[in-house]
Amino acid sequence: MMPSVSSAHISTYTAVTRRSNHITTCIIAAIVSLNFVLPLLTSDKLFSGSSDNAIKVWSVKSFELLATIKAHDDPVCTLACNDSLLFSGSLRSIKVWDIQNYKMVRKLPSQNHWVRALVVVGKFLYSGSYQAVKIWKLDTLEVVHVLKCGGGSVYSLAVTDKHIICGVYENLINVWDVQTLQEMETLTGHVGIVYALAVLKTSGQTRLFSASYDKTIRVWNLELLTCAQTMARHEGSVTCLTVSRGRIFSGAVDSSIKVWQ
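So, here is what we can say about the structure in this document. Being a predicted model, the structure only gives us computed values, none of them experimental.

**Structural notes on the overall build of the chain**
For the chain, the count of helices and strands is one helix and 23 strands. When each of the 261 residues of the chain is scored for burial, the buried share is 48%. Taking all contacts inside the chain whose residues are at least 6 apart in sequence as the whole, residues at least 24 apart take part in 35%. In the form shown here, the chain has an accessible surface area of approximately 12900 Å², with 51% of it arising from carbon and sulfur atoms.

See the structure below:
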């Protein structure tokens, strides 16, 4: 991993993937190729959803395949979980699985389009589909509210203690107040699909990172709801983001992972 030229605010490092049968490299490849393998890591298991319509369960300790769930009739686009339940999204479909025995608990009512984004926070599941974010109560698995949004299909979701945020097909980021569920702002600036969102809290502020088809990552000040920085270091569409130990990891179709700090 070698340092690249740093930006004015956030420096970046680049990690290039190499072929290997080791599961850790599979995880890296999954981050870079989100359209083909989608990873979800818990304390002891890795769940991967794929265009083969299945969910695979891996042991983090032994790197062995524990189970294959024949999940959907179409590609698995998104995964989310809490301590007891695993949620998967596909074409017009959200399914709920027992996280221990991998049995299906329930298939939620048919959705209006592809379900490409799921997030579990507290007592709620948030799902994104065509021009809508639905909020489900985890104890009943019933919809308690629907947030309408413009801009086509929802591709990404993030939820903080103050905001519900979604990125959509038509380059926009919609922001609602998490308590009142009132729309606060529509953030503009990207010129491509907003594929991924990630939130990083620091001592001074909370920053939102958005990744796009336009090959950039934008950094947003969530207190002011303004763009603080645009980072253009990838040579292909940036398809996914994750946060770990105060750093942002981004994967793109240029077959690289970049680490931002």
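**Some points on the side chain of His-163**
Tracing the chain through its elements places His-163 in strand β14 (residues 163-168). Judged by relative accessible area, His-163 falls into the buried class, the value being 6%. Leave out the neighbours within four places in its chain, and His-163 touches Ala-158, Val-175, Trp-176, Val-178, Met-184, Leu-222 and Leu-225.

**Considering the packing of aromatic side chains**
Scanning the model with the defined rule gives three aromatic pairs in all. Between Tyr-155 and Tyr-195 the ring centres are 5.8 Å apart and the planes differ by 70°, which places this aromatic pair in the edge-to-face class. Of this pair, Tyr-155 sits in strand β13 (residues 142-159) while Tyr-195 sits in strand β17 (residues 194-201), and the two are 40 residues apart along the sequence. An aromatic cluster of at least three residues, connected via ring pairs, comprises Tyr-155, Tyr-169 and Tyr-195.

**Some words on the sheet that holds strand β19 (residues 217-221)**
The strand order β17-β18-β19-β20 describes an open sheet built from four strands, whose pairing is antiparallel. Lying at the two open borders of the sheet, with one neighbouring strand each, are β17 and β20 (226-231). Across the sheet, the axes of successive neighbouring strands diverge by a mean angle of 25°, strand direction being ignored. Summarising the sheet, β17 and strand β18 (residues 206-212) pair through seven bridges and their orientation is antiparallel. Counted as the bridge partner of Lys-201 is Thr-206 from β18.

**Quick word on unusual backbone geometry**
One non-glycine residue, Leu-141, lies in the positive phi region at around 55°. By the element assignment, Leu-141 lies in the loop between β12 (124-137) and β13. With a relative accessible area of 7%, Leu-141 lands in the buried category. Notably, Leu-181 is not glycine yet its phi reads approximately 65°, a positive angle. Positionally, Leu-181 belongs in the loop between β15 (173-177) and β16 (183-187).

**Re the sheet that holds strand β7 (residues 78-81)**
Strand order in the open sheet formed by four strands is β7-β8-β9-β10, and the pairing between neighbours is antiparallel. Only two strands of the sheet have a single partner each, and these edge strands are β7 and β10 (104-107). For this sheet, the mean inter-axis angle between neighbouring strands, taken without regard to orientation, is 20°.

**Things to note about the pairing of β14**
A large share of β14 lies buried, amounting to six of its six residues. Of the two faces of β14, the one carrying His-163, Ile-165 and Gly-167 and the one carrying Ile-164, Cys-166 and Val-168 are both buried. Bridge count between β13 and β14: five bridges; the pairing is antiparallel. Its bridge partner lying in β14, Ala-158 is registered against Ile-165.

**Structural notes on the pattern of salt bridges**
Applying the stated rule across the entire model yields three salt bridges. In this structure, the salt-bridge partner of Asp-139 is Lys-137, at a minimum N-O distance of 3.8 Å. Between Asp-161 and Lys-201 there is a salt bridge, with the nearest N and O atoms lying 3.7 Å from each other. Of this pair, Asp-161 sits in the loop between β13 and β14 while Lys-201 sits in strand β17, and the two are 40 residues apart along the sequence.

Thresholds applied
- Residues numbered from 1 in each chain as written.
- Predicted model: local features only at pLDDT ≥ 70, side-chain atom pairs only at ≥ 80, totals over all residues.
- Heavy atoms only, no water.
- Helix = DSSP H or I, 4+ residues; strand = E, 2+ residues; numbered from the N terminus.
- Buried < 20%, exposed > 50% of the residue type's maximum accessible area, 1.4 Å probe, protein only.
- Contact = heavy atoms within 4.5 Å.
- Areas by Shrake-Rupley, 256 points an atom, 1.4 Å probe, with all protein chains shown as cover.
- Phe/Tyr/Trp six-rings, centres within 6.5 Å; stacked < 30°, edge-to-face > 60°.
- Pairing = 2+ DSSP bridges.
- Axes fitted to C-alpha atoms, helices over the stretch in contact; angles between N-to-C directions.
- Salt bridge = Lys/Arg side-chain N within 4 Å of Asp/Glu carboxyl O.

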